[in-house]
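What follows is each chain in one-letter form.
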Amino acid sequence: MAKVREVFVCSACGGTHSRWMGKCPDCGAWDSLESQTLDKASGLDPQRGIVEVWRSMGDRKGDAESARDGAPSATPIAEAGGGVESQRIPSTIGELDRVLGGGLVEGSVVLLGGEPGIGKSTLLLQSAASWAHRGGRVLYVSSEESAEQVRGRAERLGASNEKELFVLADTNLARIVEQVRRIVPRVLVIDSVQMVYKSDIPAGPGSVTQLRRCVADLVYLAKASGIAVVLVGHVTKEGVLAGPRVVEHLVDVVLTFEGDRYHAHRIVRAVKNRYGTTMELGIFEMTGAGLREAPEGAGVAAVQGRDGAPPRPGSVVCPVVQGSRCVLVEIQALTASGFLGAAKRKSSGLDSNRLAMLIAVLEQHAGLRLADMDVFASSVGGLRVVEPASDLALLMSIAGAHRRKAIEPATAVVGEVGLGGEVRPVTQIEQRAREAMRLGYTSLLVPHPNAKQASVKGVRVVGVRTIEHAIETLG
Ligand code: TYD
Ligand code: MG
């Protein structure tokens, strides 16, 4: 008799425990452990079914993949993969291709995570239309919406006339694979993978067991067939659905779709990418007709003081480099009276440790009294800024907010701040200066050693050595 063992898996972090507990000892989530049975004998090759399906279908690629019967054998690295090179599937959405490292790769599995309502279905339907238009057949499987709903959305997005775009509304993985076998797409989109289930597993859709097994099978399908698979995973705070984190290790690329639901800007970034860098980000704008690419981040920070509005103290624009692009981000700060010893330091979109450090630097080296002040700081538009080059902008916005002095209009600020109150040089200064100039900024505050490199035509460059010097320039 096969030995069946019961384990408890956390739906938030995926940790396994031998007994049930109210709180997961690994991640601290409450009521997140689910029972799962481990059958050692049947668990040997869970993907068998799918491999057989692909064998019986005949070889689509006609390569070593199907000829290689049974277990794979070890080969010298130069000959590995049978000389078959994975191709990139072309699309017309440059911002997404940029994050994927040049486009979707054949036979790869991409997981797109994000909060419900952020626009994942919209992005993937638009991408599916684009792949269908340029790259080949696409099957869009909707496990949450009916085919009519998907069609209605496609009509709004102007994607309903794509001949190579197929839609399927189903949640059963076996039936989905059946349809994949019938129409043989080049790209398979599953929106969302958390609602997909295998009927031979006793757990319900959305549980860790189902999610793991379904994703493992889909990864196998992608590798065996060369189909690019794109999965949507909801990130929920409540942990009702197993989070996409528990399958991140199984897939090739993990993208997150973030941004403030109440702002138009949406940012796609790679958390993991086996085919490219994780430094790049794609910027989109949500409009009435779907997502629009925001070229080079324009519009993230509008030039201040141009429209005749009075300058705002506590608001400073900084050119931030993300991957190969430069984005201008507005950083805002506010100080309000708090209680000594219990003053709040809150940040959104910024690193809270750096905020605490900059407040200490301001107290020590610029003589600001902030110990009994609450300090709030945020990056406008939902972009997460972690680059140390944004230090000076954040510091000046706090100083400006505290002293109620605004920075000169149309000025951008960049520089790293050291613990000694010195302003340290940053990299890619020329790119930052050019981007600031392109977007209409006429003056630039930079670290003194960078001043020479930063001089581009039409921009007044001020080099500063210390934070005191920088704060003096506040009007
Ligand atoms: P959706 O793609 O359904 O989000 P997700 O799949 O991540 O849950 O869309 C989210 C929101 O986007 C929706 O509430 C309405 C808005 N939206 C637009 O503003 N314009 C559009 O053209 C579309 C299709 C959606
Ligand atoms: Mg959706």
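Residues numbered from 1 in each chain as written. Chains lettered and ligands numbered in written order. Predicted model: local features only at pLDDT ≥ 70, side-chain atom pairs only at ≥ 80, totals over all residues. Heavy atoms only, no water.

Section: the overall build of the protein
This is how the line gets drawn: For the purposes of this entry, the term helix denotes a DSSP run of H or I that reaches at least four residues, the term strand denotes a run of E that reaches at least two, and both are numbered from the N terminus. Under the scheme applied here, a residue whose accessible area is under 20% of the maximum for its type counts as buried, over 50% as exposed, and between as partly exposed, the area being computed with a 1.4 Å probe on protein chains only. In what follows, a contact means two residues having at least one pair of non-hydrogen atoms within 4.5 Å. Per-residue and other accessible areas were derived by the Shrake-Rupley procedure at a 1.4 Å probe size, with only the shown protein chains allowed to occlude residues.
When helices and strands are counted, the protein shows 11 helices and 23 strands. Taking all 475 residues of the protein together, 49% fall into the buried category. Within the protein, counting contacts between residues at least 6 apart in sequence, those at least 24 apart form 68% of the total. A total of about 22,000 Å² of accessible surface is found on the protein, and carbon and sulfur atoms cover 52% of it.

Regarding the sheet that holds strand β10 (residues 228-234)
Formally: Two strands make a pair as long as DSSP finds a minimum of two bridges between them. To get an axis, a line is fitted to the C-alpha atoms, and for a helix only the part in contact is used. The angle between two axes follows their N-to-C directions and goes from 0 to 180 degrees.
Here we have nine strands laid out as an open sheet, ordered β8-β7-β9-β10-β6-β11-β12-β13-β14, and mixed in their pairing. Two strands bound the open sheet, and with one partner strand each, they are β8 (165-169) and β14 (290-293). For this sheet, the mean inter-axis angle between neighbouring strands, taken without regard to orientation, is 25°. The strands touched by helix α7 (residues 208-225) are β6 (109-114), β9 (187-191) and β10; relative to β10, the strand with the most contacts, the crossing angle is about 160°.

Some thoughts on the packing of helix α8 (residues 352-366) against helix α9 (residues 391-403)
Here is the rule we go by: Here the angle decides the label: under 35 degrees means roughly parallel, over 145 means roughly antiparallel, 65 to 115 means roughly perpendicular, and every other value means oblique. Should the near helix be turned anticlockwise from the far one by less than a right angle, the crossing is left-handed, and should it be turned clockwise, the crossing is right-handed. Residue type decides the class: Asp, Glu, Lys and Arg count as charged, Ala, Val, Leu, Ile, Met, Phe, Trp, Tyr, Cys and Pro as nonpolar, and the leftover types, Gly among them, as polar.
Closest axis-to-axis distance for the α8/α9 pair is 10 Å, and the angle between their directions is 60°. Looking at the two axes, α8 sits oblique to α9. Viewed along their axes, α8 and α9 form a crossing whose handedness is right-handed. Between α8 and α9, the contacting residues are R354, L355, M357, L358, I359, V361, L362 and A366 on the first element and D391, L394, L395, I398, A399 and R403 on the second. When grouped by side-chain class, the residues that make up the contact of α8 with α9 number 11 nonpolar, no polar and three charged.

Things to note about the pairing of strand β11 (residues 253-258)
Two strands pair when backbone bridges link them, and β6 and β11 are joined in this way by five bridges, in the parallel orientation. Looking at β11, one finds that L112 is bridged to L255. In the sheet, β11 pairs with strand β12 (residues 265-273) via six bridges, with the strands oriented antiparallel. Note on β12: the bridge partner recorded for E258 is I267.

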